[in-house]
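An overview of the molecular structure
The chain contents come next:
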2 protein chains.
Amino acid sequence: MSKFQATASAPVNIACIKYWGKRDTKLILPTNSSLSVTLDQDHLRSKTTSRADASFEKDRLWLNGKEEEIKPAGRTATCIKELRRLRCEFEGANPNEPKIADLHLHISSFNNFPTAAGLASSASGFAALVSSLAALYKLPATQSELSLIARQGSGSACRSLFGGYVAWNMGSKTDGTDSIAEEIAPRSHWPEMHALICVVSDDKKGTSSTVDVPLLQHRITSIVPERMERITDAIRRRDFNTFADVTMRDSNQFHATLLDTDPPIFYMNDVSRTIIAIITELNRASVAAGGSLKAAYTYDAGRTPTPRLEDPFRLFSQEETPGLGALPLGFNVGVAKKYQIGGVKGFIHTRVGDGPRVLGDEEALLDQHGLPLAELNVSS
Amino acid sequence: MSKFQATASAPVNIACIKYWGKRDTKLILPTNSSLSVTLDQDHLRSKTTSRADASFEKDRLWLNGKEEEIKPAGRTATCIKELRRLRCEFEGANPNEPKIADLHLHISSFNNFPTAAGLASSASGFAALVSSLAALYKLPATQSELSLIARQGSGSACRSLFGGYVAWNMGSKTDGTDSIAEEIAPRSHWPEMHALICVVSDDKKGTSSTVDVPLLQHRITSIVPERMERITDAIRRRDFNTFADVTMRDSNQFHATLLDTDPPIFYMNDVSRTIIAIITELNRASVAAGGSLKAAYTYDAGRTPTPRLEDPFRLFSQEETPGLGALPLGFNVGVAKKYQIGGVKGFIHTRVGDGPRVLGDEEALLDQHGLPLAELNVSS
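Throughout what follows, the structure given in this document is the object of discussion. (Residues numbered from 1 in each chain as written. Chains lettered and ligands numbered in written order. Predicted model: local features only at pLDDT ≥ 70, side-chain atom pairs only at ≥ 80, totals over all residues. Heavy atoms only, no water.)

1. Description of the overall build of chain A
The condition that has to hold: Under the scheme used here, helices are H or I runs from DSSP no shorter than 4 residues and strands are E runs no shorter than 2 residues, and both carry numbers assigned from the N terminus. To sort residues, take the accessible area from a 1.4 Å probe on protein chains only and compare it with the maximum for the residue type: under 20% means buried, over 50% means exposed, and anything in between is partly exposed. Between two residues, a contact is recorded if the distance between any of their heavy atoms is within 4.5 Å. In these tables, accessible area is a Shrake-Rupley quantity obtained with a 1.4 Å probe, and a residue counts as shielded only by the protein chains included in the view.
For chain A, the count of helices and strands is six helices and 16 strands. The buried share of chain A, reckoned over its 380 residues, is 57%. Of the contacts made within chain A by residues no fewer than 6 positions apart, 76% connect residues no fewer than 24 positions apart. Here chain A has roughly 15,700 Å² of accessible surface; of this, 53% comes from carbon and sulfur atoms.

This is the structure in structure tokens:
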């Protein structure tokens, strides 16, 4: 009897047009479209092995080697159920295929980055889960069709099903069937692009905020649609000036809407402000010297529920060492306030990456008994 | 020959509904209405003496003892011109009054608070200037009529012409004749209200921002009008819960719109965030213990053009020592991050105050030659 197993890896993505607010929390339908850049899996990725076997007594899941409960109506269960449904259809249409849709699953997933680094693993994690099951089930679905399922695991996971530059179109249907991700351009389209991830340490206050955000509705209806068009066009034309301008404005506006909650949410601290000041000055000096923008910043929202926040900040540039190797003439070093060691917890210099990869069995994360194998190079 | 001289003092005010954006920069017509609380002149005030004399060769002005040029089309000149015009009308209607409208003026003004404390002196300063000239000229104008003139000196100065709780109605006319301030309630209406001013030191980055603020228009048209109504009604009913809620939300939204500029403007730092966290926790614990809100914060925008920013933060409370004397049961002291000495530069504990006062000649700030007298108790 052959082994029904597949392993896949999926990348992390960074939103340049940010998503906040859901019109349907169960289906994870967003209130605005978003656009992201996929990062290189050679540096950051989630990897998942899924196996179906008649000997398994129930569906089981291990994250970084630790078993997690699959809650009946939870997001993991939803993704598994949807992919099983597609496998059933596939088996119905292809009577010679083995009947594995009803077999229980063992799933083992590892991230190669420490979750303590503040990088959200839900996007790459659900993208890897969906990719491994789609490979196991040999589903004839397109990546955009799979994005409908990954989206129900974690909204931004739908964008991690593609490499390069990815749009998540919010859609308008109540069943979510038009809320899908699609590739704007592959990584090869703009090879000069670099990304630097900088983890800013911070203490996060515990109070939770209401979802009453007066400025958010205006952002959703009047601002994001035009920005989606502008940045998509900029990517197609490899226009870094516009790409950088829209990315920085959208990061600032996203954090502005966070500040407009009650109580206000702050994901940026004085170190973040200093980094913004440095990049602003770098770009100002470059433009003043007759050049163009050198780099763009964007700040994530960090992980809300935890008492300690690590705020990952991402910087895009078309240069190897963004702006640091050769400062433009007239750069005012006075903008860089000195901070204690520890203000910045770490840097990861990476580039734009490809979409999920189906890997060979030699990379599998389940042993012969269907239990998780420890993965090398894991620092979680 | 009698001396034509008058001395007046005027208070500082704090905006609870904040003003940002002008539809006419010359007339200083705002893009939204605003509402403020006047602080007690016994603690913070500007004081101005104006004298008209046939021996004076030109209009002259001293601020804190230092002579300042009165620029021909500047804001001080505009205020003087408007008040002279009213004096001309008054002399025309009252032929027995002395003809002093055409005499040159000497004006001396002092603030009793150091400008280095980050408190804007333009509101109290222009209110004192207008009040002293109106007294000198014996103008039969109402305070709201005078507010039209003070507004052209410094927008928020129109609110310093009243005590207690003051609305500045934006108006809609292009000539600004309906953009006036008016009293909502006098200080005596709500004697329990206390105010604590806290000066947070910070380094301000030098880059100036554009006035392209996508979220501001929405705030102006859709949010401020309803908030003006809510807080006005709350003041009339002495409803501190609503007053505090609107004040804190408006401060946060104001700073959110500042963050939505390019490059972003940050007037709050990690110390400001900590103060917000403390007040949020104070209120949360009080409400959880069956009480009501204890205090409200609001943050000013500081003084933009200077390289160093002192960010004054104001706290309202109905208690003598706001929340500090008796912390509510369940208050989580963990929200208060420790900062180095110097993070907070100073506190001023004050209360709601009255409007401008006309003072006797014993308080005059000009000597027998019409030159500025040094004032006691000045720490500028």
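2. A look at the interface of chain A and chain B
So the rule is basically this: Note on definitions: buried area is the accessible-area loss of two parts on being combined, 1.4 Å probe, summed for both. Whenever a carboxyl oxygen of Asp or Glu lies within 4 Å of a side-chain nitrogen of Lys or Arg, that contact is scored as a salt bridge. Polar contact criterion, stated in full: a pair of N or O atoms within 3.5 Å, where within protein one must be able to donate a hydrogen and the other to accept it, and residues adjacent in sequence count only if both atoms are side-chain atoms. Amino acid classes used here: Ala, Val, Leu, Ile, Met, Phe, Trp, Tyr, Cys and Pro are nonpolar; Asp, Glu, Lys and Arg are charged; the rest, including Gly, are polar.
Between chain A and chain B, the contact holds 35 residues from the first and 35 residues from the second. With both chains or domains summed, chain A and chain B bury close to 3,200 Å², and 58% of this area falls on carbon and sulfur atoms. For Arg249(B), the salt bridge is made with Asp262(A), and the minimal N-O distance between the two is 3.4 Å. Here chain A and chain B share nine residue pairs in polar contact (both at pLDDT 80 or more) between them. Of all the elements in the fold, those that place two or more residues in the side of chain A that touches chain B are strand 12 (194-203), helix 4 (214-236), helix 5 (240-259) and helix 6 (270-288) of chain A. Of the residues forming the side of chain A that touches chain B, the biggest block, eight residues, is contributed by helix 5 of chain A. Across the side of chain A that touches chain B, the residue classes tally to 13 nonpolar, nine polar and 13 charged.

3. Brief notes about the packing of aromatic side chains
Both the distance between ring centres and the angle between the ring planes are used here to describe each pair of aromatic rings. Residue and element names in this part refer to chain B. For the record, the criterion: To pair, rings of Phe, Tyr and Trp, with the six-membered ring standing in for Trp, must have centres within 6.5 Å; the planes then decide the type, stacked if under 30 degrees apart, edge-to-face if over 60, and tilted in the middle.
Summed over all chains, the structure comprises 14 aromatic pairs over all chains. Between Tyr 19 and Trp 168, the ring centres sit 4.8 Å apart and the planes meet at 65°, which makes this aromatic pair edge-to-face. Separated by 149 residues along the polypeptide, Tyr 19 in the loop between strand 2 (13-17) and strand 3 (22-24) and Trp 168 in strand 10 (residues 165-168) bring together distant segments of the chain. Like Trp 168, Tyr 19 is buried. Each ring, one from Tyr 165 and one from Trp 190, has its centre 5.9 Å from the other, and the planes form 35°; the classification is tilted. Separated by 25 residues along the polypeptide, Tyr 165 in strand 10 and Trp 190 in the loop between strand 11 (181-185) and strand 12 (194-203) bring together distant segments of the chain. This pair shows no difference in class: Tyr 165 is buried, exactly as Trp 190 is.

4. Remarks on the sheet that holds strand 1 (residues 4-11) of chain A
Pairing between sheet strands relies on hydrogen bonds along the backbone, with the strands arranged either parallel or antiparallel. Residue and element names in this part refer to chain A. Put simply, the rule is: Note: two strands are recorded as paired if DSSP finds a minimum of 2 bridges between them. The axes used here are C-alpha line fits, helices contributing only the stretch in contact, and every angle between their N-to-C directions lies in the interval 0 to 180 degrees.
With mixed pairing, six strands are arranged side by side in an open sheet as 8-7-9-6-1-16. Lying at the two open borders of the sheet, with one neighbouring strand each, are strand 8 (66-68) and strand 16 (357-359). Looking at each pair of strands side by side, their axes are set apart by 25° on average, direction ignored. Where strand 7 (residues 60-63) meets strand 9 (residues 104-111), four bridges bridge the pair, whose relative direction is parallel. Paired with Leu 61 across the two strands is Ile 107, which belongs to strand 9.

5. Section: the pattern of salt bridges
All names here are of chain A. Under the counting rule described, the total for this entry stands at 45 salt bridges over all chains. As a salt-bridge pair, Glu 363 and Lys 47 come within 2.8 Å of each other at their nearest N and O atoms. Highlighted residues: Glu 363 in the segment after strand 16 and Lys 47 in strand 6 (residues 45-53), separated in sequence by 316 residues. Its relative accessible area of 5% is what places Lys 47 among the buried residues. Linking Arg 284 and Glu 281 is a salt bridge whose minimum nitrogen-to-oxygen distance equals 2.8 Å. Taken as a pair, Arg 284 and Glu 281 lie in helix 6 at a separation of three residues, close to a single helical turn. Here Arg 284 falls in the partly exposed class, since its relative accessible area comes to 38%. The network of salt bridges with shared partners includes Asp 40, Asp 42, Arg 187, Arg 351, Asp 354 and Arg 357.

6. Quick word on helix 1 (residues 75-93) of chain A
Residues and elements named next belong to chain A. As a reminder, the rule being used: In a helix, the anticipated span is given by 1.5 Å times the number of residues less one.
Taking 1.5 Å of rise per residue, 19 residues should cover 27 Å, and helix 1 covers 28 Å from first to last C-alpha, within 8% of that figure. Here helix 1 has its buried residues at Thr 76, Ala 77, Thr 78, Cys 79, Ile 80, Glu 82, Leu 83, Arg 84, Arg 87, Phe 90 and Glu 91. On its buried face, helix 1 sits against strand 7, strand 9, helix 2 (122-136) and helix 3 (143-153).

7. Quick notes on the packing of helix 1 of chain A against helix 2 of chain A
All names here are of chain A. To keep it simple, the criterion reads: Oblique is the label for any angle not under 35 degrees, not over 145, and not in the 65 to 115 range, which are roughly parallel, roughly antiparallel and roughly perpendicular in turn. Handedness of a crossing follows from how the near helix is turned relative to the far one, being left-handed for an anticlockwise turn of less than a right angle and right-handed for a clockwise one.
Following both chains from N to C, one finds helix 1 and helix 2 inclined at 25°, their axes separated by 10 Å at the closest point. With respect to helix 2, the axis of helix 1 lies roughly parallel. In this structure, the crossing between helix 1 and helix 2 has a hand that is right-handed. Mapping the contact onto sequence places Arg 75, Thr 76, Cys 79, Ile 80 and Leu 83 in helix 1 and Phe 126, Leu 129, Val 130 and Leu 133 in helix 2. Considered class by class, the residues forming the contact of helix 1 with helix 2 number seven nonpolar, one polar and one charged.

8. Some thoughts on the environment of His194(A)
Residue and element names in this part refer to chain A. Of note, His 194 is situated in strand 12. For His 194, a relative accessible area of 13% puts it in the buried group. For the pair His 194 and Arg 351, spaced 157 residues apart in sequence, the C-alpha separation works out to 4.5 Å. Polar side-chain contacts of His 194 include one of 3.1 Å to the side chain of His 349.

9. Some thoughts on the relation of the copies chain A and chain B
Quick reminder of the rule: Copies are brought into register by a least-squares superposition over C-alpha atoms of residues with pLDDT of at least 70 in both.
Mapping chain A onto chain B leaves a residual RMSD of 0.0 Å; the transformation is a rotation of 180° accompanied by 0.0 Å of translation along its axis. The symmetry that links the two subunits is that of a two-fold axis. No C-alpha of chain A lies nearer the rotation axis than that of Ala256(A), which sits 2.1 Å from it. Mapped onto chain B, 100% of the interface residues of chain A are again interface residues, and the two copies thus contact each other with one and the same surface.

10. Focus on unusual backbone geometry
Glycine aside, residues mostly have negative phi, and peptide bonds are mostly found in the trans state. With an omega of -5°, the peptide bond between Asp262(A) and Pro263(A) qualifies as cis. Assignment of secondary structure puts Pro263(A) in the loop between helix 5 and helix 6. Even without a glycine there, the phi angle at Ile28(B) is positive, about 50°. When you line up the elements, Ile28(B) lands in the loop between strand 3 and strand 4 (29-30). Judged by its relative accessible area of 0%, Ile28(B) falls in the buried class. Located in the positive-phi region is Arg238(B), a residue other than glycine, with phi close to 50°. Here Arg238(B) lies in the loop between helix 4 (214-236) and helix 5 (240-259).

11. Section: the nonpolar core
To be explicit about the condition: By nonpolar core is meant a set of buried Ala, Val, Leu, Ile, Met, Phe, Trp, Tyr and Cys residues that side-chain atoms within 4.5 Å join together.
Ranked by size, the top nonpolar core spans 102 residues in total, and within it Phe243(A) and Phe243(B) carry the most contacts. In this view, Phe243(B) contacts Cys16(B), Val37(B), Trp190(B), Met193(B), Ile231(B), Ala234(B), Ile235(B) and Phe316(B); residues no more than four positions away in its chain are not counted. Ala52(A), Ala77(A), Ala128(A) and Ile149(A) belong to the second largest nonpolar core, which has 36 residues in total.

It is worth stressing that arrangement in space is one thing and function is another; only the former is reported here.
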